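Summary of the model geometry
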Amino acid sequence: MWRLLALRPSWPSPEAEGPAPSDPEGFRPLEAPWEARRAEALPWPEPLYFVDGREREEALLAQGERLALLGCVAAGVVAHQGGRMALLSYAVRRVGVGLSEPLWVGELLYEPVEAQGADYASLREGLSRAREALEGEVAAGLSGGLLVVDGPVRLLRPGPLLGYIKTHWARYLPGPEEALLYALRPGERTPAFRVRRKGMELASWYLRLPLPPEGLRPPQAGLLRVETPLSGPFSELADLSLSLFPLLASHPMKDPRAPQNLVPVGALERELARRMGSPEVVGRLLAKHLGGG
């Protein structure tokens, strides 16, 4: 029988985009010269899709020396079309990473997910893979338009695709080229450069979002790194991104992760969190059935 070791063992959940390997030595520019770029305003493609997901660790269980991590993953799609932004679809799933069979806890069903290892870190990786798989499922039925995903590009589709990264754990640029990041003004971007990750060939660039109110800021404030498959029209998409992301930037009065947490993505995250259920209620249920509470 499984017994409860801890509720919400790493609350709050980690950011989707964690540390990544740095590779400034493998730098290869795709556009020249290496200087700040601006572009004429371009119309947004329609439909314009935004896909994002959330993950939440809910309980760590033990059965002898075995561990299992119960969690909840959610993913959804927001679409902009005809001047309106609307929730298009979503999915919520409870999973038990390390379980070998489904586990009912009261009215909650945790579906088994295979873990690559038996330690806690491996279980957490399994939960992230479950979220990524769900994001892929909700994105699979989208056709036409432009798809924007919160985080690195992990999936491929026939149409254009942009991923954007809000935090910058890894260095991609050598020192001389990196200096351009700190000179970018709002609405400007760097030239594109190549990124290789897990067998994927990508084009990437940095852009600067508006930073209201004006004032002294850390050098990385308002920076987004954007990427797209290298096989696509990356220069056109890089110019389009300057007409897209600055207008979708959030304001610090409404979002503590402003301006990088885009307005439609922030709204989608809040909706997914609501549909995942109250963590306090879930915690009480788990404690009642697994911890004798």
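What counts and what doesn't
Residues numbered from 1 in each chain as written. Predicted model: local features only at pLDDT ≥ 70, side-chain atom pairs only at ≥ 80, totals over all residues. Heavy atoms only, no water. Helix = DSSP H or I, 4+ residues; strand = E, 2+ residues; numbered from the N terminus. Buried < 20%, exposed > 50% of the residue type's maximum accessible area, 1.4 Å probe, protein only. Contact = heavy atoms within 4.5 Å. Salt bridge = Lys/Arg side-chain N within 4 Å of Asp/Glu carboxyl O.

Turning next to the side chain of Glu-269. Its location among the elements puts Glu-269 in helix H4 (residues 263–276). Judged by its relative accessible area of 8%, Glu-269 falls in the buried class. In this view, Glu-269 contacts Asp-52, Arg-54, Asp-150, Arg-257 and Asn-261; residues no more than four positions away in its chain are not counted.

Applying the stated rule across the entire model yields 19 salt bridges. The salt bridge involving Glu-55 is made with Arg-131; its shortest N-O contact spans 2.5 Å. Of this pair, Glu-55 sits in strand E2 (residues 48–63) while Arg-131 sits in helix H1 (residues 120–140), placing them 76 residues apart in sequence. The pair Glu-55 / Arg-131 is uniform in exposure class, with both members buried. The closest approach of N and O atoms between Glu-58 and Arg-94, which form a salt bridge, is 3.0 Å. With Glu-58 in strand E2 and Arg-94 in strand E4 (residues 84–97), this residue pair connects regions lying 36 residues apart in the sequence. Each member of the pair, Glu-58 together with Arg-94, is buried. Each of Glu-31, Arg-37, Arg-189 and Asp-239 takes part in salt bridges that share partners, so that together they form one network.

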